[in-house]
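Structure at a glance
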Amino acid sequence: MTIPIATITTFRTAYNPFSRASRPCRLFLGMLRTPDTIPTSSPTHIDIKVKQLPRNSTESPTMTIGFKGGKELTLDVGKRGLKIGDVIEEVSRVGRALQREASLKN
Amino acid sequence: MPPRLRISSIQQIPRCQYELRITRSASSAAAPAFTPAASIEQMTRSPAPVSRFPPTQPPSHRNPEYRRSQLLRSYTSLLRTSPLIVLFQHNNLKSMEWAAIRRELTIALQKVDEKIAAEGRTAPALAPYIKIQTIQTSIFEVALRIVEYFRPSESSLASGKPPSAIDPVTQTSAELPAISGSKDDPALTHDLSRTAHAAVKNMKGMHELSPLLVGPVAVLSIPTVSPEHMKAALSILAPKESGFKAPTRKANPEYHEPIVQNGLQKINLLAARVDNQVFDIDQTKWVGSIEGGMDGLRSQLVTALQSMSSSVATTLEGAGKSIYFTLESRRSVLEEEEKGPEGDKSESS
């Protein structure tokens, strides 16, 4: 399943890389940080901020995805025990809805 | 063993003139000693009597022809030879971006080497040996386990070597007992051996770094623990996360080109491994902030110890001194008392 990357504008995540629960955050970061999304001049630029927690912190990893039109999706990856597939599913569901709205408007 | 053909008989055989000349010179050189003396190595160590495999290719559990086996060997050697390793997460970097980042990295490291040389310290130039490379995380994890947890016993190490001729127990004619050419042999203790595999199999995912080895990971390997080089590398690769200042636009305009900057935005600092210990980002920053490298740390330690020793000496001396001063003052008082009346007398008389 592909993510509608064009609908995403911001991405914030905080995780402790030494915990196994941070895996989906790091993998999802890999899907968003592409040559298209990194340059600020690009139309699909995504503002990415990563906060890495210290090693002994027990805070659960979280991510916040901001979409076009101001909609925000916050996923508590650690508490819900999400895997990368679940994260992609949730994000792309919101993204696809936004895409459809945009196409209906035009 | 004497030569089978006598030299005179060799000379009698008709040959062309060039060949004859060569034989003559060769024979005259070799004449005093027909058999060269055995080298010390040959006298003290007897060769393995029966070798069932080439010495460079011992039987192994993992097939040495596969790329993954050779990658494992290169990773174990990397982990054993570089005490300072920094791990990065990298996402979708283009080859051009990698090339630009590597170029900036080498320039920064060369500057550190020049600075060390200018200060007159005797540290070897490390810049050509510091590399950043992407790794296969699953293979790297196995290599990490082999390096950290696999300790072959002395006996198995010894049995893998050819018997010693000095030791009277072993004889030259003794057959190698252990190495039979089978993969199951416990005497085989190289990284691809079945012994190594079995020893680290149940340690899967137990290493501190193993949760980090997810997704695309790159390692920066430094062959000695040199905080200065690490600081320079981090100031190039992760200036924001590490807090070390990146070169200014004026000092190094190439660093601020979009190709480098776009690449760097896709690199994250993850952790470091310093002398077999795993450090997170804050601890990595601390290592990088050691001024003057290892020499600086040593000099700090020396000054701390020296100041401590001198303060201890003064404290210990203090008690003796105070006793001395008390007694001395008491003596002077007593002397004055003794002298006092006499002085008065002399004055009066």
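Predicted model, so just to flag it, every value in this text is computed and none were measured. (Residues numbered from 1 in each chain as written. Chains lettered and ligands numbered in written order. Predicted model: local features only at pLDDT ≥ 70, side-chain atom pairs only at ≥ 80, totals over all residues.)

1. Some thoughts on the domain arrangement of chain B
All names here are of chain B. The cut-off we apply is this: As used throughout, domain bounds are those supplied by an automatic or database domain assignment. Once C-beta atoms have been placed from the backbone, residue pairs whose C-beta atoms lie within 7 Å are recorded as contacts. Following the grouping adopted for this structure description, the nonpolar residues are Ala, Val, Leu, Ile, Met, Phe, Trp, Tyr, Cys and Pro, the charged ones are Asp, Glu, Lys and Arg, and the polar ones are all others, Gly among them.
Taken domain by domain, chain B consists of domain 1 (67–152 + 184–291) and domain 2 (292–322). Relative to domain 2, the C-alpha centre of domain 1 lies at a distance of 37 Å. On the side of domain 2, 6 residues touch domain 1, which itself brings 8 residues to the contact. The class makeup of the residues in the side of domain 1 that touches domain 2 is 4 nonpolar, 1 polar and 3 charged.

2. Points about the interface of chain A and chain B
Cut-off, in case you're wondering: Working definition: helices are DSSP H or I runs of at least four residues, strands are E runs of at least two. Numbering for both runs from the N terminus.
Opposite the 18 residues of chain A that make contact, chain B presents 19 residues. Looking at the side of chain A that touches chain B, the elements that each hand over two or more residues are α1 (23–32) and β2 (47–52) of chain A. For the side of chain A that touches chain B, the element with the most residues is α1(A), which contributes 5 residues. Of the residues that constitute the side of chain A that touches chain B, the class distribution is 9 nonpolar, 4 polar and 5 charged.

3. Here we look at the packing of helix α4 (residues 67–81) of chain B against helix α6 (residues 137–149) of chain B
All names here are of chain B. Operational definition: Orientation is described by lines fitted to C-alpha atoms, with helices fitted over the stretch in contact, and by angles between N-to-C directions that extend from 0 to 180 degrees. Convention used here: angles under 35 degrees read as roughly parallel, angles over 145 as roughly antiparallel, angles from 65 to 115 as roughly perpendicular, and any remaining angle as oblique. Crossing handedness is read from the near helix: turned anticlockwise from the far helix by less than a right angle, it gives a left-handed crossing, and turned clockwise, a right-handed one.
Interhelical geometry of α4 versus α6 gives an angle of 50° and a closest axis separation of 8 Å. Comparing their axes, α6 and α4 come out oblique. By crossing handedness, the relation of α4 to α6 is classed as right-handed. Touching R68, L71, L72, Y75, T76, L79 and R80 of α4 are I139, F140, V142, A143, L144, I146 and V147, all from α6. Among the residues making up the contact of α4 with α6, the classes are represented as 11 nonpolar, 1 polar and 2 charged.

4. Concerning the sheet that holds strand β3 (residues 62–67) of chain A
Residue and element names in this part refer to chain A. Threshold: Strand pairing is assigned whenever DSSP identifies at least 2 bridges connecting the two strands.
In space, the 4 strands of this open sheet follow the order β2-β1-β3-β4, with mixed pairing throughout. The open sheet has two edge strands with one neighbour each: β2 and β4 (72–76). Here the strands of the sheet are splayed against their neighbours by 10° on average, with no regard to which way each runs. Pairing of strand β1 (residues 8–15) with β3 involves 6 bridges; the strand directions are antiparallel. Looking at β3, one finds that T10 is bridged to G66. Strands β1, β2 and β3 of the sheet are contacted by α1, whose axis makes an angle of about 155° with β1.

5. Section: the nonpolar core
This is how it is decided: Any nonpolar core is a set of buried residues, restricted to Ala, Val, Leu, Ile, Met, Phe, Trp, Tyr and Cys, that join up through C-beta atoms within 7 Å. Put plainly, a residue is buried at 20 or more neighbouring C-beta atoms within 10 Å of its own, exposed at 12 or fewer, and partly exposed in between, counting only other residues' C-beta atoms, which are placed from the backbone.
By size, the foremost hydrophobic cluster in this structure holds 50 residues, and its most contacted members are L87(B), F88(B), A143(B), L220(B), A233(B) and L237(B). Those residues within four positions of F88(B) in sequence are excluded, and the remaining contacts are V217(B), A218(B), L220(B), L237(B), I267(B), N268(B), L269(B) and L270(B). With 14 residues, the next largest nonpolar core counts I8(A), C25(A), I65(A) and V77(A) among its residues.

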